[in-house]
Amino acid sequence: MKKRIAVYDITNTITEIELNAEKIFNIATIFNNILGDGESTHSTIAAEIKDENSILRAYHDDKENFEIQNFADKLLSAECSESNGRRKASLREGYLFIRETDSELILLKLEKT
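Here is a short report on the structure shown in this document. (Residues numbered from 1 in each chain as written. Predicted model: local features only at pLDDT ≥ 70, side-chain atom pairs only at ≥ 80, totals over all residues. Heavy atoms only, no water.)

1. Some thoughts on the overall build of the protein chain
For the record, the criterion: Strands are runs of DSSP state E lasting at least 2 residues, helices are runs of H or I lasting at least 4, and numbering of each runs from the N terminus. Here the term buried applies to any residue with accessible area under 20% of the maximum for its type, exposed to any over 50%, and partly exposed to those in between, with areas from a 1.4 Å probe on protein chains only. The contact criterion used is simple: two residues touch if any of their non-hydrogen atoms lie within 4.5 Å.
A count of helices and strands for the protein chain gives three helices and four strands. Written out in order from the N terminus, the α and β elements of the protein chain read β-β-α-α-α-β-β. Looking at the protein chain residue by residue over its 113 residues, the buried ones come to 28%. In the protein chain, the share of contacts with a sequence separation of at least 24, taken over all contacts with a separation of at least 6, comes to 51%.

2. Quick look at the pairing of strand 4 (residues 105-111)
Let me state the cut-off plainly: Two strands pair if DSSP finds at least two bridges between them.
One ladder, built from seven bridges, connects strand 3 (residues 94-100) with strand 4; its direction is antiparallel. Residue tyrosine 95 lies in a different strand from strand 4, and its bridge partner there is leucine 110. Here strand 3 hands over to strand 4 after four residues, the two strands then running antiparallel side by side.

3. Comments concerning the packing of aromatic side chains
Convention followed: Any two of the Phe, Tyr and Trp rings considered here, Trp counted by its six-membered ring, make a pair once their centres fall within 6.5 Å; the pair's planes then place it as stacked at under 30 degrees, edge-to-face at over 60, or tilted in between.
On inspection of all chains with the given rule, the structure shows four aromatic pairs. Taking the centre distance of 5.5 Å and the plane angle of 85° together, the rings of tyrosine 59 and phenylalanine 66 count as edge-to-face. Phenylalanine 66 shares its class with tyrosine 59; the two are buried.

4. Here's the deal with the pattern of salt bridges
Pairs can form between side chains of opposite charge whenever their charged atoms are close. Counted only if it meets this: By definition, a salt bridge exists where a carboxyl oxygen of Asp or Glu is found within 4 Å of a side-chain nitrogen of Lys or Arg.
Within the structure shown, the criterion is met by six salt bridges. Two residues, aspartate 61 and arginine 57, come together in a salt bridge whose shortest N-O distance is 3.3 Å. Note that aspartate 61 and arginine 57 are positioned in helix 2 (residues 55-61) at a spacing of four residues, about one turn of the helix. A salt bridge links glutamate 79 to arginine 87; its shortest N-O distance comes to 2.6 Å. As far as the burial class goes, glutamate 79 and arginine 87 line up, both buried. Three or more residues joined by partner-sharing salt bridges are found here, namely Glu52, Arg57 and Asp61.

5. Details of the nonpolar core
Selection criterion: For this analysis, a nonpolar core means a set of buried residues of the types Ala, Val, Leu, Ile, Met, Phe, Trp, Tyr and Cys, connected via side-chain atoms within 4.5 Å.
Ranked by size, the top nonpolar core spans 13 residues in total, and within it Tyr8, Ile10, Ile68, Phe71 and Leu96 carry the most contacts. Those elements that provide at least two residues to this core are strand 1 (4-10), helix 3 (69-78) and strand 3. Excluding anything up to four places from it in sequence, phenylalanine 71 contacts Ile55, Leu56, Tyr59, Phe66, Leu96, Ile98, Leu105 and Leu107. Core analysis: the next-biggest nonpolar cluster, separate from the first, contains eight residues, Phe31, Ile34, Ile106 and Leu108 among them.

Listed below in structure tokens is the structure:
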């Protein structure tokens, strides 16, 4: 699997952002600036598969056929209220950046200001 980068605009809906070579380069720069060489000042979470029905388990078990947009769908679902299905007012809209390589999967949400 080659390195893959995807970006989704997360509002009340999900829109995949079309990427050209320049945008991919700029996004790679963002990942490097935020995550760096492991000495980041930003919060990071190393995810573990604890539930056999989790989205991470589905990804891990079939990376080649997994629809990467499922992560954006799951994020939007988590940001919506269970009672009325609308986006929680305390959460900002933003962009979900996904970088996938043979050895890692990184999800990064940057909020709109």
